[in-house]
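Understanding the architecture of this molecule
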Amino acid sequence: MARHKARKHKWNPYTSEVQRFSVYPRIQTPKEESVRVGETFTVSINDVDEKGRGIANYRGKRIIVYNASLGSRVKVKAIKVVGDTVYAQIVETLSEADTEY
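As annotated in an unreviewed UniProt entry, the protein is Deoxyribonuclease/rho motif-related TRAM from Staphylothermus marinus.

Given below as structure tokens:
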């Protein structure tokens with residue numbers, strides 16, 4: 001008696017893209033807007049690191065601004081993006097810090 005091997009199907013409902021066969025439309029999830037090199041944006045400097053660079057947060061990224069003072073509001077241009085850190089330079093100073101140190 002000949003024994004037949006069980007045939008493997010090319011299409012597996014558990015590993016294939018089920019959404020392709022659905023009658024319901026896909027829900028588009030918004031992509032997180034990332035910061036690109038050359039982009040300009042306005043940030044407030046919240047902290048200063050040991051090298052004297054200003055640190056701000058923008059769109060979930062850590063912005064390091066050269067020659068920025070604590071508490072100032074500046075318009076910056078992104079120079080380099082490394083992971084979650086963006087290095088930027090000042091384009092325009094909108095307001096300086098209110099307190100003197």
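As a further point, take the overall build of the protein. For the protein, the helix and strand inventory stands at 0 helices and 6 strands. Here the protein, with 101 residues, has 23% of them falling under the buried criterion. Within the protein, counting contacts between residues at least 6 apart in sequence, those at least 24 apart form 39% of the total. Carbon and sulfur atoms make up 49% of the accessible area of the protein, which amounts to about 8700 Å² in all.

Core analysis: the biggest nonpolar cluster contains 14 residues, and Phe41, Val43, Ile45, Ile63, Val65 and Val76 have the highest contact counts within it. Elements with a minimum of two residues in this core: strand S1 (40-44), strand S3 (54-58), strand S4 (61-65), strand S5 (73-82) and strand S6 (85-95). When residues of this core are assigned to their parent elements, the largest contribution, 3 residues, is made by S5. Not counting chain neighbours up to four residues away, the residues in contact with isoleucine 45 comprise Gly54, Ile55, Ala56, Val65, Ala68, Ser69, Leu70, Gly71, Ser72 and Val74.

Counted residue by residue, S3 has 4 buried out of 5 residues, so it is predominantly covered. Both strand S2 (residues 47-48) and S3 contribute to a ladder of 2 bridges, which runs antiparallel. Note that in S3 the partner of valine 48 across the bridge is glycine 54. Where S2 folds back on S3, the antiparallel hairpin that results is connected by 5 residues, among which glycine 52 adopts a positive phi of roughly 85°. In this structure, S3 lies alongside S4, joined through 5 bridges in antiparallel fashion. Paired with tyrosine 58 across the bridge in S4 is lysine 61.

Before going further, it helps to spend a moment on the environment of valine 37. Of note, valine 37 is situated in the segment before S1. Along the sequence, valine 37 and lysine 80 sit 43 residues apart, while their C-alpha atoms lie 5.9 Å from each other. When neighbours within four sequence positions are excluded, valine 37 is seen to be in contact with Ala78, Ile79, Lys80 and Val81.

So, about the pairing of S4. Buried residues dominate S4, accounting for 4 of its 5 residues. Relative to S6, S4 runs parallel, the two being bridged by 4 bridges. Directly across from isoleucine 63, in S6, lies its bridge partner valine 86.

This next bit is on the environment of alanine 68. Structurally, alanine 68 is set in the loop between S4 and S5. For the pair alanine 68 and glycine 54, spaced 14 residues apart in sequence, the C-alpha separation works out to 4.9 Å.

The rules behind each value
- Residues numbered from 1 in each chain as written.
- Predicted model: local features only at pLDDT ≥ 70, side-chain atom pairs only at ≥ 80, totals over all residues.
- Heavy atoms only, no water.
- Helix = DSSP H or I, 4+ residues; strand = E, 2+ residues; numbered from the N terminus.
- Buried < 20%, exposed > 50% of the residue type's maximum accessible area, 1.4 Å probe, protein only.
- Contact = heavy atoms within 4.5 Å.
- Areas by Shrake-Rupley, 256 points an atom, 1.4 Å probe, with all protein chains shown as cover.
- Core = buried A, V, L, I, M, F, W, Y, C linked by side-chain atoms within 4.5 Å.
- Pairing = 2+ DSSP bridges.

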